[in-house]
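Chain and residue survey
The chain contents come next:
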Amino acid sequence: MTQYIIEGGNELEGEINSSGSKNASLPIIAASILSGKTTTLYNVPNIQDIKITLDILRILGCKIDRKNGKIIIDSGRMNKTEIPKELMHKLRSSVILAGAILGRFNKAIFSYPGGCDIGGRPIDLHIKSLKKLGINIEEEAGYIICSRDKIIGADIHLDFPSVGVTENLMLASVLAEGETTITNVAMEPEIIDLQRFLNRMGAKVSGAGENVIKIQGVKKLKNVSYNIMPDRIEIGTFLCMTAITGGNIIINNVNNEDIKSITSKLEETGVRVKQEKSSIEIMAPKKLKAIDIKTMPYPGFPTDMQSVFGAMLTVAKGTSLIVENIFENRFRYLNELKKMGAKVSIEGNVAIIKGVKKLHGAEMEAPDLRGGAAICTAALVAKGQSTVSNISHILRGYENFDKKLRKLNVQIKLGT
Ligand code: EPZ
């Protein structure tokens, strides 16, 4: 089984470009179903989750071309409205395809995505909010059958500012009759990117980034070309990897507005950052200070950065406290870090990390996408060699991960 082999001890130095955002690309690829026309996307990361999403679109009848860094999706001949069960299980976030299929065809059939590495990933809020949009929902033999003669706009209040539910409702309402108002929505930057894309297509969406989104239904949409936003979680990951090694790197193609909660937490550990128009430089001290973290919906500290920060804090001076408020099973990476000598204890959704002077290399397994990146982060400073297996988790969400690390002076290679 493929694994990373990492020799600890090098400081990260040099310069890289960020990749396009996985979590903006997925809903925007789903949105390309709505137009029945051609969508051309630039800066889409070449990662497994995108590949699976494009495979689903092909199965639904879309024509997909991927050449010299762009993806061309023609959804004109799309003729199916059922997402295959096995692909739903492979990609939890494929539930947002349901909103787009419904939005265009007034019918969608999908199944429960099933739990994943970081939690149960229920879709009860998705189903509840689609019902509030007047969608008829029946369950039969494990399939969820959604239909509605004509989707009429409605006023919907979300119990929780769920990213996926916000995106699903936006997609299902674009071609509805009348106006849909959604309150208590997620405010993540990826939602703003989706709104910008939809309006470029001819939709009428406003309010993304605040807590009320309005969608005025339109009759048709047009061909569109669009450049995906930078991946703020990938950027945060490389910043933490630099911080733990006391290094100094520059990352280009950064939207500094999107990473405020990440850089402000990093500065609390003692690193310095210099933010230019679309790049960031980080200069890290030899020893980081311990800090406290609570994950929250945006603009709070992002749950997707919790694991990598936890890894970084295993060698900070002092004791750090992490409270994970979003997902119920996002501390599994900490048990792997104990193999390297990390001093951690977990009580429910609280992790206590007592900084140690040194970690030593170990054989570890990536438990999930961000947990895998966290283990690699710790391996960068561990004495000697570490191996990280199950790297398919990491390849789901990071483009050219080991190639970018080698460019930053890290000794990392693929092994079997
Ligand atoms: C999106 O997941 C992201 N994925 C996640 O990134 C990210 O961690 C999460 O938002 C929070 O920011 C994509 O955008 C593809 P939620 P999503 O609905 O939409 C519960 C990564 O590492 N919930 O905001 O699934 C849910 O279980 C991934 O890139 C319900 O209970 O997140 C979770 O506890 C991981 N019922 C909480 O809400 C529902 O119907 C937040 O979930 C839906 C969600």
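Coordinates for the structure precede this section.
Residues numbered from 1 in each chain as written. Predicted model: local features only at pLDDT ≥ 70, side-chain atom pairs only at ≥ 80, totals over all residues. Heavy atoms only, no water.

Focus: the nonpolar core
Counting residues in each nonpolar core, the largest one holds 73 residues, and the members touching the most others are I73, F110, M170, F197 and L198. Examining the composition of this core, we find that seven residues originate from one element, helix α4 (residues 95-105), more than from any other. Among residues more than four places away in sequence, those in contact with I73 are I29, S32, K37, T38, T39, L41, L54, L57, C62, K63 and I64. (Core = buried A, V, L, I, M, F, W, Y, C linked by side-chain atoms within 4.5 Å. Buried < 20%, exposed > 50% of the residue type's maximum accessible area, 1.4 Å probe, protein only. Helix = DSSP H or I, 4+ residues; strand = E, 2+ residues; numbered from the N terminus. Contact = heavy atoms within 4.5 Å.)

Here we look at the packing of aromatic side chains
In the structure shown here, the tally under the stated rule is five aromatic pairs. The interplanar angle of 45° and the centroid separation of 6.1 Å between the aromatic rings of F238 and F401 together place this pair among those described as tilted. Of the two residues, F238 is situated in helix α8 (residues 232-245) and F401 in helix α14 (residues 401-407); the sequence distance between them amounts to 163 residues. In terms of burial, F238 and F401 fall into one category: buried. Joined through ring pairs, the aromatic side chains of Y4, F238, Y398 and F401 make up one cluster. (Phe/Tyr/Trp six-rings, centres within 6.5 Å; stacked < 30°, edge-to-face > 60°.)

A few points about the layout of surface pockets
One number sums up the size of the second largest pocket: a volume of about 300 Å³. Considering the residues around the second largest pocket, the lining is formed by 19 residues, among which I244, T245, K286, K358 and V381 are closest to the centre. By residue class, the composition of the lining of the second largest pocket is seven nonpolar, six polar and six charged. (1 Å grid on protein atoms, 1.4 Å probe; cavity = no way out; pocket = protein on both sides within 12 Å on 5 of 7 lines; lining within 4 Å. Points joined across faces, edges and corners; volume = space filled by probe spheres on them. Nonpolar A, V, L, I, M, F, W, Y, C, P; charged D, E, K, R; others polar.)

Quick word on empty space enclosed by the protein
Counted by the stated rule, this structure contains two cavities of 30 Å³ or more. As a volume, the largest cavity reaches approximately 70 Å³. The wall of the largest cavity is formed by L125, K128, S129, K132, I156, H157, L158, D159, F160, S162 and V165. Elements that contribute at least two residues to the lining of the largest cavity include exactly α5 (124-132) and β9 (155-157). A per-element tally of the lining of the largest cavity places α5 first, with four residues. Split into classes, the residues belonging to the lining of the largest cavity amount to five nonpolar, three polar and three charged. By volume, the second largest cavity is sized at about 40 Å³. Lining the second largest cavity are L26, A30, T53, L91, S93, S94, I96 and L97.

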